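Take a look at the letters that make up each chain.
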Amino acid sequence: MNTKHLVAWAVTFVVLLVIDMIWLGVVAKGMYQEAMGDLMSPKPRLAFAAVFYLIYPIGLLIFAIVPGLAAQGVMRAALMGGLFGLFCYATYDLTNLAVIRNWPLALSFIDIAWGTLVSGVAAAAGAATLRWFATR
């Protein structure tokens, strides 16, 4: 990974983290607590969350940002990022629906939609960063 990819990862990481923290910590906090009930831990295990936020942008970079930008630009990277998010979040939520008793169906639809949106936005930010490097 070269410097421009490292910076694109960092931008993707920050955008993903900030937007997701606003969503999870403010906008949808009560919804998740209500829907998950006793399934939700009273305190998040931050080490596992940190691992997710560190590696997920790598996936966006490899599978959405670089190929999307190479193909057609920032919007293509955003679309591919959204699809990456759709597949990743659907894997999580559909697996939970399959194996966890009383996993909330409505929450899964919302979570999949959210993962699609936040992944597309973060991928667009990373792609715009790489495009900026290309013009320098």
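Trainee: Whenever I open this one, the overall build of the protein confuses me. Can you help?
Mentor: Helix and strand counts for the protein come out as five helices and zero strands. Reading the secondary structure of the protein in the N-to-C direction produces α-α-α-α-α. Taken over C-alpha atoms, the radius of gyration comes to 16 Å for the protein, in line with the 14 Å a tight globule of 136 residues would show. For the protein, the spread of C-alpha atoms along the three principal axes comes to 50 × 25 × 25 Å. By residue count, 38% of the 136 residues in the protein fall in the buried class.

Trainee: Sorry if this is basic, but what is going on with the environment of T135 here?
Mentor: With respect to the secondary-structure elements, T135 resides in the segment after helix 5 (105–134). T135 sits 29 residues away from A106 along the chain, and the two C-alpha atoms are 44 Å apart. There is a polar contact of 2.8 Å between the side chain of T135 and the backbone oxygen of W132.

Trainee: I tried to follow the environment of L46 on my own but got confused; where do I start?
Mentor: Relative to the elements of secondary structure, L46 occurs in helix 3 (residues 46–71). Given the relative accessible area of 63%, L46 is considered exposed. Distance from L46 to A70, taken between C-alpha atoms, is 35 Å for residues 24 residues apart in sequence.

Trainee: Help me understand the nonpolar core in this model?
Mentor: Soluble globular proteins: nonpolar side chains tend toward being buried together. Counting residues in hydrophobic clusters, the biggest one holds 28 residues, and the most contacted among them are L16, Y32, Y56, L60, L61 and I65. Of all the secondary structure elements, the ones that give two or more residues to this core are helix 1 (3–27), helix 2 (29–36), helix 3, helix 4 (74–99) and helix 5. Among the elements that make up this core, the one with the highest residue count is helix 5 (eight residues). Those residues in contact with L16, other than ones at most four positions away along the chain, are Y53, Y56, P57, V118 and A122.

Trainee: When you look at the packing of helix 1 against helix 3 in this model, what are you seeing that I'm missing?
Mentor: Each pair of packed helices can be described by the angle between their axes along with the distance between the axes. At their nearest, the axes of helix 1 and helix 3 sit 9 Å apart, and the two run at 120° to each other. In this view, helix 1 runs oblique relative to helix 3, as classed from their interaxial angle. Here helix 1 and helix 3 pass one another in a crossing that is right-handed. Together, H5, A8, W9, T12, F13, L16, L17, D20, M21 and L24 of helix 1 and Y53, L54, Y56, P57, I58, L60, L61, I65 and V66 of helix 3 make up the contact between the two elements. Grouping the constituent residues of the contact of helix 1 with helix 3 by class yields 16 nonpolar, two polar and one charged.

Trainee: What exactly am I supposed to notice about the packing of helix 2 against helix 5 here?
Mentor: The N-to-C vectors of helix 2 and helix 5 enclose an angle of 145°; their axes lie 10 Å apart at closest approach. Crossing of helix 2 against helix 5: the hand is left-handed. Residue-level contacts link M31, Y32, A35 and M36 of helix 2 to L107, I110 and D111 of helix 5. Looking at the contact of helix 2 with helix 5 residue by residue, the class counts come to six nonpolar, no polar and one charged.

What counts as what
Residues numbered from 1 in each chain as written. Predicted model: local features only at pLDDT ≥ 70, side-chain atom pairs only at ≥ 80, totals over all residues. Heavy atoms only, no water. Helix = DSSP H or I, 4+ residues; strand = E, 2+ residues; numbered from the N terminus. Rg over C-alpha atoms; globule rule 2.2 N^0.38 Å. Buried < 20%, exposed > 50% of the residue type's maximum accessible area, 1.4 Å probe, protein only. Polar contact = N/O pair within 3.5 Å; in protein donor to acceptor, adjacent residues only side chain to side chain. Core = buried A, V, L, I, M, F, W, Y, C linked by side-chain atoms within 4.5 Å. Contact = heavy atoms within 4.5 Å. Axes fitted to C-alpha atoms, helices over the stretch in contact; angles between N-to-C directions. Parallel < 35°, antiparallel > 145°, perpendicular 65-115°, else oblique. Left-handed = near helix turned anticlockwise from the far one by under 90°. Nonpolar A, V, L, I, M, F, W, Y, C, P; charged D, E, K, R; others polar.

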